[in-house]
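# Chain and residue survey
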Amino acid sequence: MGGLYTARTDDGLEYVLRAKKKFRRQRVTPLVGDRVLFTPGEISDEHGWVEEILPRANQFVRPPVANVTLLCVTVSPVPEPDCLLVDKLLVFAQMQDLTAVLVVNKNDLDGGETAARLAAAYERAGVKVFDVSASSGWGLKELKERLRGESACFSGQSGVGKSSLLNALFSVRAQTGEISEKISRGKNTTRHTELFEADGCRVYDTPGFSLLEIGEPLDPVMVQEWYPEMRSLRDQCRFEGCCHVSEPGCAVREAAQKGNIDMGRYTRYTILLEDAREVWKNRYR
Ligand SMILES: Nc1nc2c(ncn2[C@@H]2O[C@H](COP(=O)(O)OP(=O)(O)OP(=O)(O)O)[C@@H](O)[C@H]2O)c(=O)[nH]1
Ligand SMILES: [Mg+2]
Ligand SMILES: [Zn+2]
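What counts and how
Residues numbered from 1 in each chain as written. Chains lettered and ligands numbered in written order. Predicted model: local features only at pLDDT ≥ 70, side-chain atom pairs only at ≥ 80, totals over all residues. Pairing = 2+ DSSP bridges. Helix = DSSP H or I, 4+ residues; strand = E, 2+ residues; numbered from the N terminus. Axes fitted to C-alpha atoms, helices over the stretch in contact; angles between N-to-C directions. Near = placed C-beta within 6 Å. Nonpolar A, V, L, I, M, F, W, Y, C, P; charged D, E, K, R; others polar.

Now for the pairing of strand E4 (residues 48–53). Summarising the sheet, strand E2 (residues 14–19) and E4 pair through three bridges and their orientation is parallel. When the bridges of E4 are listed, leucine 17 appears paired with glycine 48. Where strand E3 (residues 36–39) meets E4, four bridges bridge the pair, whose relative direction is antiparallel. Paired with threonine 39 across the bridge in E4 is tryptophan 49.

This next bit is on the sheet that holds E2. Strand pairing within a sheet occurs via backbone hydrogen bonds; the two strands may be parallel or antiparallel. If you trace the four strands from one edge of the open sheet to the other, you get E1-E2-E4-E3, paired in mixed fashion. Edge positions in the sheet fall to strand E1 (4–8) and E3, since each has one partner strand and no second. Each adjacent strand pair in this sheet contributes to an overall mean axis angle of 50 degrees, direction not counted.

This part takes up the site of ligand 1. Close to ligand 1 lie 25 residues, the nearest being Gly161, Ser163, Ser164, Thr190 and Gly208. Among the secondary structure elements, those contributing two or more residues to the shell around ligand 1 are helix H3 (107–110) and helix H6 (162–170). Per-class residue counts for the shell around ligand 1 are five nonpolar, 15 polar and five charged.

Okay, here's the thing in structure tokens:
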């Protein structure tokens, strides 16, 4: 905050830094997860300086992080999963060639029913689903196994238990908060993205959010590229370049109607496609 960044060296020493002015000129902001070269401050100084930001393997706008290797999209029975948000996060992950998993927390509330329902929809899309509970410890061993050696970013709605999970998995001390009883929504307890290092993993705790704009215009014909379960079917569509909406002889739509791919995923795809077409149309305005 206030333009102050904390850098940690491999030896675990921490330094408080500011970014040099040239970054502002270049419109570059240091992100959580960045690897940097820096000059430490003198003993009497309040801070040192970030000199260079090393090339990023990837970067997100929401949450604003860099150098993630695994995206852990987190949901729970309460607050109820927003699948459109989940799908958008998965699309972003696909665009960046980043592996994503779905973490369904609070198994203790419904005995894993939400996790089973989401597994049926998402595992066909190549997304592994973890059924866990930060409270009871259910499924944490398998999840932790998956996180080994990764730089894993936990992302999703407020109140699903991202911070609670990191505390349960790694005994870090991420701040957690109640969810509002009246509206079953989180209270945005985590305000800033924080990177923890524990047991050979790097994990990012990020603030919950409920709106995700597809910021840059997506070429509408490309949207289906980010849906693995559709890519394998499109050769069977009657028309080349089929967008799988209203074209006759569409194998993807047929698969959705038969339940071979998830109807919810398919319907939300048509919504995202429509959004993309709208943004694309207005992209030079
Ligand atoms: N029943 C149950 N409650 C849980 C579980 N995990 C977390 N919670 C509760 O859910 C609420 C929100 O947890 P947080 O960890 O603060 O959620 P968050 O996703 O980090 O929320 P933000 O920081 O606002 O994005 C708290 O009241 C937790 O005690 C769980 O496995 N089971
Ligand atoms: Mg949190
Ligand atoms: Zn089609």
